[in-house]
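Structural overview for review
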Amino acid sequence: MEKYDGKLLVQNPPMPPLEREELDRVYALPYMRTYHPSYESAGGVPAIEEVRFSIVHNRGCFGACNFCALAFHQGRTVRSRSRESVIAEAKKITELPDFKGYIHDVGGPTANFREPACDKQLKYGVCTNKKCLAPTPCKNLKVDHAEYMQMISDIEALPKVKKVFIRSGIRFDYLLQDENDAFFKKLVRDNVSGQLKVAPEHCSAGVLSCMGKPDFSVYQEFRRRFFELTKSMGKEQYLVPYLMSSHPGSTLKDALELALCLKRDHYAPEQVQDFYPTPGTASTVMFRTGINPLDMKPVYVVTEYHEKQLQRALLQFNRPQNAPLVREALRKLHREDLIGTSPECLVRPEKSQTQNVRRNSSRGRSDFKGRCKNTARKRGKR
Ligand code: SF4
């Protein structure tokens, strides 16, 4: 309870998570699986196509990243529907008149969670002083993908189903904890729709620690095995990493570290999420106070809009419209060596400078050294 503006604000304790039978009852209700008819006159809701043929099989998340509010509204104790309930919904989907054979997702907040993180959690509740997965997985964590895998296979076996995709985020650190790689293999073989979304969020150790995420080496290991399996199965499919700029703890230098990492991996993100404070989260406390409430140490926080823009532009350094911001960020960091036309540079110089190079190189003279000069020459020839 908190006094506010002459009144008393009362915050009720959260409702306990629904048990499996209760969740099954909720999902057995006769939903229409479409938008309200009032949207019809506006041409409908295009996003319905994605969710209409998708199934939610769980609630809650024990990943509990520091910036995510999901653990506060669905809880850290994972609950899931029974296989029978999920399969019954899949059958209903196959009977929809415009079903084309594809189930777009069997997921939830985190696709590959089916059970609470450990047995202890059921008796004593979730630990308040530590997380189940980060910085390293808890020794009490139970890891098992068998039921999830079986459920996906059962859906695949239904008449009219051609493919079942998993498009919700896979918690890759949890996946790697599974000693049995049967699910990983099945995922790569059958359930990736060309691109698999995962959420490393950053690569800098300091930022990942503020986010409550595992070390970047865990993502690299997952990535290595994903592509190894993809190759061994003769497929062409990709990973789409979710990334966040300006999370508390992230300096311009950290953003550059991530930009260089993306460059190394030849990955140009379509979307980057800029940190936004979410209600009740540890990251929001860091943003507001400049202190990490988990260890009470000061944290660097970007609040100035322009620096936020610089950090974000660095992560999308290849976009022409970001070039002025990228150059500005690199100059601020005294990394002018990354402005140029050589393969290791993040951004080309300003137009006037490039033209000078061309002019000079066509005369056989250049103030630019090394590969910048050679590239300019080649361009001149072309
Ligand atoms: S004991 Fe470990 S797995 Fe269980 S709730 Fe606590 S941190 Fe999570």
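Criteria and thresholds
Residues numbered from 1 in each chain as written. Predicted model: local features only at pLDDT ≥ 70, side-chain atom pairs only at ≥ 80, totals over all residues. Near = placed C-beta within 6 Å. Nonpolar A, V, L, I, M, F, W, Y, C, P; charged D, E, K, R; others polar. Pairing = 2+ DSSP bridges. Helix = DSSP H or I, 4+ residues; strand = E, 2+ residues; numbered from the N terminus. Domains from an automatic or database assignment. Contact = placed C-beta atoms within 7 Å. Buried ≥ 20, exposed ≤ 12 C-beta atoms within 10 Å, placed from the backbone.

**Some remarks on the site of the ligand**
Within the structure, the ligand sits among A117, C118, K120, Q121, V126, C127, K130, K131, C132, C138, N140 and L141. For the shell around the ligand, a count of residues per class yields 7 nonpolar, 2 polar and 3 charged.

**A few points about the pairing of strand 10 (residues 238–245)**
Examined bridge by bridge, strand 9 (residues 195–201) and strand 10 share 5 bridges and lie parallel to one another. From the neighbouring strand, K197 faces strand 10, where its bridge partner is V240.

**Examining the domain arrangement of the chain**
Structurally, the chain comprises domain 1 (14–192) and domain 2 (194–348). Between the C-alpha centres of domain 1 and domain 2 the distance comes to 27 Å. In this assembly, 23 residues from domain 1 lie in contact with 30 residues from domain 2. When grouped by side-chain class, the residues that make up the side of domain 1 that touches domain 2 number 16 nonpolar, 2 polar and 5 charged.

**Quick notes on unusual backbone geometry**
Cis geometry is found at the peptide bond from A134 to P135, where omega equals 0 degrees. By the element assignment, P135 lies in the loop between helix 5 (119–124) and helix 6 (146–156). Positive phi, normally seen in glycine, also occurs at A64, with a value near 50 degrees. Looking at where A64 falls in the secondary structure, it is placed in the loop between strand 4 (58–59) and helix 3 (70–73). On the basis of neighbour counts, which here come to 21 C-beta atoms within 10 Å, the residue A64 falls in the buried class.

**A word on the environment of R114**
Of note, R114 is situated in the loop between strand 7 (105–107) and helix 5. In the structure, R114 is positioned 132 residues away from S246 in sequence and 32 Å away in space, judged by C-alpha atoms. Contact partners of R114, with chain neighbours within four places excluded, come to N58, S80, E147 and Y148.

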